Amino acid sequence: MERFVLDTSVFTNPDVFTQFGETAQVAIENFVSLARRVDARFYMPTSVYEELGKVKELGDLAADFESAVRIRSPRKFNLMIPGEILYAFIEEVRTRIDRGLRIAEELTKIASQAAEQTADSGQLINRLRGRYREALRQGILDSKEDVDVLLLAYELDGTLVSADEGMRKWADKVGIQIVSPRHLRRILSLLEGGRRSVED
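Residues numbered from 1 in each chain as written. Predicted model: local features only at pLDDT ≥ 70, side-chain atom pairs only at ≥ 80, totals over all residues. Heavy atoms only, no water.

Trainee: Any chance you could explain the side chain of Ser-162 here in plain terms?
Mentor: In this fold, Ser-162 is placed in the loop between strand 4 (159–161) and helix 9 (165–174). Not counting chain neighbours up to four residues away, the residues in contact with Ser-162 comprise Asp-7, Ser-9, Met-167, Arg-168, Val-179 and Pro-181. (Helix = DSSP H or I, 4+ residues; strand = E, 2+ residues; numbered from the N terminus. Contact = heavy atoms within 4.5 Å.)

Have a look at this one:
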């Protein structure tokens, strides 16, 4: 049986959730309905489910969602992760910190030169923030929720469903199967069709 581990982006990213419905609420309802009909299991870590609840008000839909998606955290103390992955992660973090430092140095020089010309320091600070965030956070695991999704998919030998570039990149490094969240409805429809043909 196929196991899918879901990230919040499935229900919060408009480029993704609109395959199930025009609004996030309708999309979640339609997803739950379809998830119940396919021969697959769906999982979401507790931390990610809590994050979803902060972004989207589930209300009465919460019970339906929990009946279709199993909410559970990875067994962090039982998992064995290859040491090579940890070394690769540390090396990437170090590279990104160095890149962020170079950006800060570059914009500090610009700021000191511009101070003589009375440049807008607010613009420079915004530019620094944007470039620094891009250098340090884009394409990397940058939250405990990201790590929970990755570890749960690893533990269950499940398929990761996320639009997050960092999670997808690290899932590939660890050997976790990945599907594009933009294809999820079609994949579930194919699974539903396969189930019907088996039952016939």
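Trainee: Could you clarify how one ought to interpret the pattern of salt bridges in this entry?
Mentor: Between side chains of opposite charge, pairing is possible as soon as their charged atoms come close. Scanning the entire structure with this criterion turns up 6 salt bridges. In this structure, Arg-182 engages Asp-15 in a salt bridge whose closest nitrogen and oxygen atoms are separated by 4.0 Å. In this pair, Arg-182 sits in the loop between strand 5 (177–179) and helix 10 (184–199) while Asp-15 sits in helix 2 (residues 14–17), placing the two residues 167 residues apart along the sequence. Taking the relative accessible area as the measure of exposure, Asp-15 reaches 55% and is therefore exposed. Members of the salt-bridge network, linked through shared partners, are Arg-72, Arg-75 and Glu-155. (Salt bridge = Lys/Arg side-chain N within 4 Å of Asp/Glu carboxyl O. Buried < 20%, exposed > 50% of the residue type's maximum accessible area, 1.4 Å probe, protein only.)

Trainee: What is the right way to look at helix 4 (residues 46–55) in this model?
Mentor: Residue pairs spaced three or four apart in an α-helix point in one direction, given the helix's 3.6 residues per turn. For helix 4, the complete set of buried residues consists of Ser-47, Val-48, Tyr-49 and Leu-52. Where helix 4 is buried, its residues touch strand 1 (2–6), helix 1 (9–12), strand 2 (40–44), helix 5 (61–68), strand 3 (69–71) and helix 8 (144–156).

Trainee: Just checking my understanding: could you explain the sheet that holds strand 2 for this structure?
Mentor: By definition, the strands of a sheet pair up through backbone hydrogen bonds, in either a parallel or an antiparallel sense. Read across the sheet, 5 strands follow the order 3-2-1-4-5 without closing on themselves; strand pairing throughout is parallel. Strands with a single pairing partner mark the edges of an open sheet, and in this sheet they are strand 3 and strand 5. In this sheet, neighbouring strand axes are inclined to one another by 35 degrees on average, regardless of whether the strands run parallel or antiparallel. Taken together, the 3 bridges between strand 2 and strand 3 define a ladder with parallel strand orientation. (Pairing = 2+ DSSP bridges. Axes fitted to C-alpha atoms, helices over the stretch in contact; angles between N-to-C directions.)

Trainee: Help me understand unusual backbone geometry in this model?
Mentor: Most peptide bonds take the trans form, and the phi angle of most residues other than glycine is negative. Phi angles above zero are rare outside glycine, and Asp-157 is one such case at about 50 degrees. With respect to the element layout, Asp-157 can be found in the loop between helix 8 and strand 4. Accessibility expressed as a relative area gives 68% for Asp-157, which makes it exposed.

Trainee: Looking at this model, I keep getting lost on the packing of aromatic side chains. Mind explaining?
Mentor: A ring pair, where both rings are aromatic, is described by two values, the distance of the centres and the angle of the planes. On inspection of all chains with the given rule, the structure shows 6 aromatic pairs. On the numbers, 5.4 Å between centres and 80 degrees between planes, the contact of Phe-11 with Phe-65 is edge-to-face. Of this pair, Phe-11 sits in helix 1 while Phe-65 sits in helix 5; the two residues are 54 residues apart in sequence, bridging distant segments of the chain. The two residues Phe-11 and Phe-65 agree in class, both being buried. Each ring, one from Phe-31 and one from Phe-42, has its centre 5.3 Å from the other, and the planes form 80 degrees; the classification is edge-to-face. With Phe-31 in helix 3 (residues 24–37) and Phe-42 in strand 2, this pair connects stretches of sequence that are 11 residues apart. Phe-42 matches Phe-31 in its accessibility class, with the two residues each being buried. By the ring-pair criterion, three or more aromatic residues cluster together here, those being Phe-4, Phe-11, Phe-20, Phe-31, Phe-42, Tyr-49 and Phe-65. Over the ring of Trp-170 we find Lys-173; its NZ or CZ atom is 4.2 Å from the centre of that ring. (Phe/Tyr/Trp six-rings, centres within 6.5 Å; stacked < 30°, edge-to-face > 60°. Lys NZ or Arg CZ within 6 Å of the ring centre and 35° of its normal.)

Trainee: What exactly am I supposed to notice about the packing of helix 3 against helix 5 here?
Mentor: Describing two packed helices takes the angle between their axes plus the distance from one axis to the other. Relative orientation of the contacting elements helix 3 and helix 5 amounts to 35 degrees, with a least axis distance of 9 Å. Classified by chirality, the crossing of helix 5 by helix 3 is left-handed. Listed contacts from helix 5 to Gln-25, Ile-28, Glu-29, Val-32, Ala-35 and Arg-36 of helix 3 are Leu-61, Asp-64, Phe-65, Ser-67 and Ala-68. For the contact of helix 3 with helix 5, the per-class residue count stands at 6 nonpolar, 2 polar and 3 charged. (Left-handed = near helix turned anticlockwise from the far one by under 90°. Nonpolar A, V, L, I, M, F, W, Y, C, P; charged D, E, K, R; others polar.)

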